[in-house]
Amino acid sequence: MNQQTPRISPAIVERGEQLYAYIRGSVRMADFAVIADRLPELIGWLDAGGACFAGPPFFRFNTVAMDAESVVEAGMPVTSMPEPEGDIGMALLPAGRYATVRHRGHPDQLVDVVTALRAWAAREGLAWDMTEVDGVEHWACRLESYLTDPRVEPDPSKWEIELAFRLAD
């Protein structure tokens, strides 16, 4: 492991299905704020409608294309929610085995954490529930959950973020 590669302690966890609300967008990674800035809007709408939250907010990467647009959802797990409207939808995160790792630090460091997680999975002989078509990764479920509330801790270098990537059956 070189100085640029973060030390990680991944785990494999079994997750059940989870209902969630989302706002979906197609963004370039350099313009990620376009979708990230919609998360407070989603949470505010859910809260105003009396939704019951069931976990931390997240980003779900449906497709990943580092040099093009990726399809990403700003999501919030819920146990119930009002009828979707406008850009807001609802769906289920799929059950299954996930490789997870927690990162404490700025979200800008996640590229290195993802690289380390992928290298770990390759060493362990694990396959992702993902297909690649013309250089674009299509994920069954790839999550980036924000465990730290930025209203409580505004310094992103102190945030705790969990990555959870679904493994192939």
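All values derive from a computational prediction rather than experimental measurement.

J.: Quick rundown of the pairing of strand S6 (residues 69–80)? Include the residues and the values.
T.: Pairing analysis gives nine bridges linking strand S2 (residues 18–28) to S6, with the strands arranged antiparallel. Bridge assignment links Arg24 to a residue of S6, and that residue is Glu73. With two bridges connecting them, strand S3 (residues 52–53) and S6 associate as antiparallel partners. Bridge pairing links Phe53 to Val78 in S6. Sheet topology note: the strand S4 (residues 58–61)/S6 ladder contains four bridges and is antiparallel.

J.: Help me get a handle on helix H3 (residues 110–124), residues and values and all.
T.: Because an α-helix completes one turn every 3.6 residues, residues spaced three or four positions apart along the sequence face the same direction. Along its 15 residues, H3 runs 21 Å from first to last C-alpha, staying within 8% of the 21 Å computed at 1.5 Å per residue. Within H3, the full set of buried residues consists of Leu110, Val113, Val114, Ala116, Leu117, Trp120 and Ala121. What you see down the axis of H3 is that its buried residues fit within an arc of 165°, all on one side. Away from its buried face, by an angle of more than 90 degrees, H3 presents the exposed residues Val111, Ala122 and Arg123. Where H3 is buried, its residues meet strand S1 (11–15), strand S8 (96–104), strand S11 (142–146) and strand S12 (160–166). Trailing H3 by a residue or two, Gly125 shows a phi angle of about 75°, which is positive.

J.: With reference to specific residues and values, describe the packing of aromatic side chains.
T.: Counted under the stated rule, the structure contains nine aromatic pairs. Between Phe32 and Phe59, the aromatic rings sit 5.0 Å apart at their centres with planes inclined by 75°, giving edge-to-face as the arrangement. Of this pair, Phe32 sits in the loop between S2 and helix H1 (33–36) while Phe59 is found in strand S4, placing the two residues 27 residues apart along the sequence. Phe59 matches Phe32 in its accessibility class, with the two residues each being buried. Look at Phe59 and Tyr146: their rings are 5.6 Å apart centre to centre, the planes differ by 80°, and that puts the pair in the edge-to-face class. With Phe59 in strand S4 and Tyr146 in strand S11, this pair connects stretches of sequence that are 87 residues apart. Tyr146 shares its class with Phe59; the two are buried. Aromatic rings pair up to connect Phe32, Phe59, Phe61, Tyr146 and Trp159 into one cluster. Looking at Arg15, its charged tip hangs above the ring of Tyr98, at a distance of 5.3 Å from the centre.

About the criteria used
Residues numbered from 1 in each chain as written. Predicted model: local features only at pLDDT ≥ 70, side-chain atom pairs only at ≥ 80, totals over all residues. Heavy atoms only, no water. Pairing = 2+ DSSP bridges. Helix = DSSP H or I, 4+ residues; strand = E, 2+ residues; numbered from the N terminus. Expected span 1.5 Å × (residues − 1). Buried < 20%, exposed > 50% of the residue type's maximum accessible area, 1.4 Å probe, protein only. Arc of directions from axis to C-beta. Contact = heavy atoms within 4.5 Å. Phe/Tyr/Trp six-rings, centres within 6.5 Å; stacked < 30°, edge-to-face > 60°. Lys NZ or Arg CZ within 6 Å of the ring centre and 35° of its normal.

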